[in-house]
Amino acid sequence: MIGRISFYLLLIGFAQELTWLLPDSHQREGNAWAEHGVVCPLIVVPLSDLSVIPSGMMKGGG
């Protein structure tokens, strides 16, 4: 039982270190853009606007 606990703790530690050493490629790209002053836009639609979608828009035709 101690061996199994040690294994999982070692596995979690290894995963954490690997995440620290090799961050996600999307995160690295976002950080590179942020250094130049470009940030990811947050597009938000108010909940009140969602109730007034025309029925023709819901069909997906176009």
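Residues numbered from 1 in each chain as written. Predicted model: local features only at pLDDT ≥ 70, side-chain atom pairs only at ≥ 80, totals over all residues. Heavy atoms only, no water.

Caption draft 1: Just the overall build of the protein chain, in detail. Along the protein chain, the regular secondary structure elements total 3 helices and 0 strands. The linear arrangement of helices and strands in the protein chain, starting from the amino end, is α-α-α. The 62 residues of the protein chain split such that 0% are buried. For the protein chain, the accessible surface area stands at approximately 6300 Å², while carbon and sulfur atoms represent 68% of it. (Helix = DSSP H or I, 4+ residues; strand = E, 2+ residues; numbered from the N terminus. Buried < 20%, exposed > 50% of the residue type's maximum accessible area, 1.4 Å probe, protein only. Areas by Shrake-Rupley, 256 points an atom, 1.4 Å probe, with all protein chains shown as cover.)

Caption draft 2: Representation of the confidence of the model for the protein chain. The pLDDT averaged across the protein chain works out to 80; a share of 76% of its residues lies at or above 70. Mean pLDDT values over the elements of the protein chain span from 68, in helix α3 (residues 47-50), up to 91, in helix α1 (residues 2-21). (pLDDT = per-residue confidence, 0-100.)

Caption draft 3: Structural context of a nonpolar patch on the surface. Taken together, the side chains of Phe14, Leu18, Trp20, Leu21 and Leu22 present a nonpolar region at the surface, about 620 Å² in accessible area. A relative accessible area of 38% places Leu18 in the partly exposed class. (Patch = residues over 30% accessible without salt bridge, like charges linked within 9 Å, V, L, I, M, F, W, Y side chains within 5 Å. Salt bridge = Lys/Arg side-chain N within 4 Å of Asp/Glu carboxyl O.)

Caption draft 4: Up close: α1. Between its first and last C-alpha atoms α1 spans 28 Å; for 20 residues at 1.5 Å apiece the expected length is 28 Å, and the two agree. Sparse coverage of α1 is indicated by the burial of 0 of its 20 residues. (Expected span 1.5 Å × (residues − 1).)

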